[in-house]
Amino acid sequence: VYSAKGGVGCTMLATNLAVGMHTGETPTVLVDTNLQFGDVSVFLNLQVKNSIADLASRAEELDREYSEEVLIAHTTGMRVLAAPPKPEMADEVTAAQVRKVLEYLKTHYAYVVVDTHSTMDDVTLAVLESSDLIILVATPEIPSIKDARFVFDLMGPLEIPKDRVFFVMNKIDRRTAGGITPEAVAENLRHAVDGEIPVDEKATTLS
């Protein structure tokens with residue numbers, strides 16, 4: 001789940017997607033790759049003891065027993081790989097390590113949901129390139145739409161097919177006359193809006 005602009009709802013969407021997709025038949029793990037200021041653990045009311053830094057340090061020799069020690073169990077039963085508890089620990093994690101961790105988790109979980117950082121750094125690029133589906137999130141505001149255009153423009157150089165991108169518009173309010181509509185955004189970006197999330201501050205805050 002990615003956006004080039006912060007504050008558009010990526011963490012909200014990633015956490016709720018992971019909770020909704022996890023079942024006994026489809027075990028799910030949620031990974032926070034916002035290494036400096038990740039909020040997945042806060043959104044899920046979890047205490048961070050271990051983090052992605054622990055798995056990254058042993059990326060070449062991961063096994064089920066160690067990974068289960070590091071992953072945090074949520075009350076729903078899904079597993080969470082949290083961001084490091086201190087921002088300075090982000091420097092201990094490399095893009096190559098993140099790629100290996102994701103490859104490992106893919107072999108043990110039906111779904112691996114990744115909440116990303118808005119900065120297009122090496123770690124974020126590793127996540128996007130490893131993904132089967134990229135959920136790109138934007139809101140009906142000019143800066144967010146501008147950033148979404150930049151992301152779509154990057155798909156070519158990154159050799160990521162546009163059909164691997166599921167474009168979601170968050171905070172849609174069709175009651176407001178003169179607002180930016182998903183249809184106008186789709187026409188402007190030449191990419192369909194695949195999903196719409198209506199504005200509902202109460203429901204979102206509770207979620």
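Residues numbered from 1 in each chain as written. Predicted model: local features only at pLDDT ≥ 70, side-chain atom pairs only at ≥ 80, totals over all residues. Heavy atoms only, no water.

**Some points on the overall build of the protein**
Along its length, the protein carries nine helices and seven strands. Here the C-alpha atoms of the protein give a radius of gyration of 17 Å, agreeing with the 17 Å that 2.2 N^0.38 yields for 207 residues. By its C-alpha atoms, the protein is 55 × 40 × 35 Å across when sized along the principal axes. Expressed as a percentage of the 207 residues in the protein, the buried residues total 45%. Once local pairs closer than 6 in sequence are excluded, the contacts in the protein between residues at least 24 apart make up 77%. Approximately 10,800 Å² of the protein is accessible, and the part contributed by carbon and sulfur atoms is 51%. If the 18 positive side-chain charges of the protein are averaged to one point and the 31 negative ones to another, these points end up 4 Å apart. (Helix = DSSP H or I, 4+ residues; strand = E, 2+ residues; numbered from the N terminus. Rg over C-alpha atoms; globule rule 2.2 N^0.38 Å. Buried < 20%, exposed > 50% of the residue type's maximum accessible area, 1.4 Å probe, protein only. Contact = heavy atoms within 4.5 Å. Areas by Shrake-Rupley, 256 points an atom, 1.4 Å probe, with all protein chains shown as cover. Lys, Arg positive; Asp, Glu negative; His and termini not counted. Charge placed at Lys NZ, Arg CZ, Asp CG, Glu CD.)

**Here we look at the packing of helix H5 (residues 95-106) against helix H6 (residues 122-130)**
Viewed as axis vectors pointing N to C, H5 and H6 meet at an angle of 30 degrees, and their least axial separation amounts to 8 Å. On the basis of the axis angle, H5 is roughly parallel to H6. In this structure, H5 meets H6 at a crossing whose hand is right-handed. Across the interface between the two elements, Ala95, Val98, Arg99, Leu102 and Lys106 of H5 pack against Asp122, Val123, Ala126, Val127, Glu129 and Ser130 of H6. Its residues assigned to classes, the contact of H5 with H6 comprises six nonpolar, one polar and four charged. (Axes fitted to C-alpha atoms, helices over the stretch in contact; angles between N-to-C directions. Parallel < 35°, antiparallel > 145°, perpendicular 65-115°, else oblique. Left-handed = near helix turned anticlockwise from the far one by under 90°. Nonpolar A, V, L, I, M, F, W, Y, C, P; charged D, E, K, R; others polar.)

**Points about the sheet that holds strand E6 (residues 165-172)**
Judged by pairing direction, the sheet is parallel, and its three strands sit side by side in the order E5-E6-E7 without closing on themselves. Edge positions in the sheet fall to strand E5 (134-138) and strand E7 (195-198), since each has one partner strand and no second. Strand-to-strand twist in this sheet, taken as the mean axis angle between neighbours without regard to direction, amounts to 25 degrees. Here five bridges tie E5 to E6, and the two strands are oriented parallel to one another. Across the sheet, the residue bridging to leucine 136 is phenylalanine 167, located in E6. Strands in contact with helix H1 (residues 10-21) are E5, E6 and E7; relative to E5, the strand with the most contacts, it is inclined by about 140 degrees. (Pairing = 2+ DSSP bridges.)

**What to know about H6**
Think of an α-helix as 3.6 residues a turn; residues three or four steps apart then line up on the same face. Regarding H6, the residues found buried are Val123, Thr124, Ala126, Val127, Leu128 and Ser130. Where H6 is buried, its residues contact H5, strand E4 (111-115) and E5.

**Comments concerning the pairing of E6**
Counting buried positions along E6 yields six of eight residues, so the element is predominantly enclosed. Crossover handedness for the path E5 to helix H7 (residues 142-155) to E6: right-handed. Of the strand pairs in this sheet, E6 and E7 are connected by four bridges, and their pairing is parallel. Paired with methionine 169 across the bridge in E7 is glutamate 196. (Right-handed = clockwise from strand over helix to strand, strands pointing away.)

**Considerations on helix H8 (residues 182-189)**
Within H8, burial applies to Pro182, Val185, Ala186 and Leu189. For H8, the buried positions fall inside an angular range of 100 degrees around the axis, keeping them on one side. The secondary structure elements touched by the buried residues of H8 are H7, E6 and E7. Positive phi shows up at arginine 190, right after H8, with a value of about 55 degrees. (Arc of directions from axis to C-beta.)

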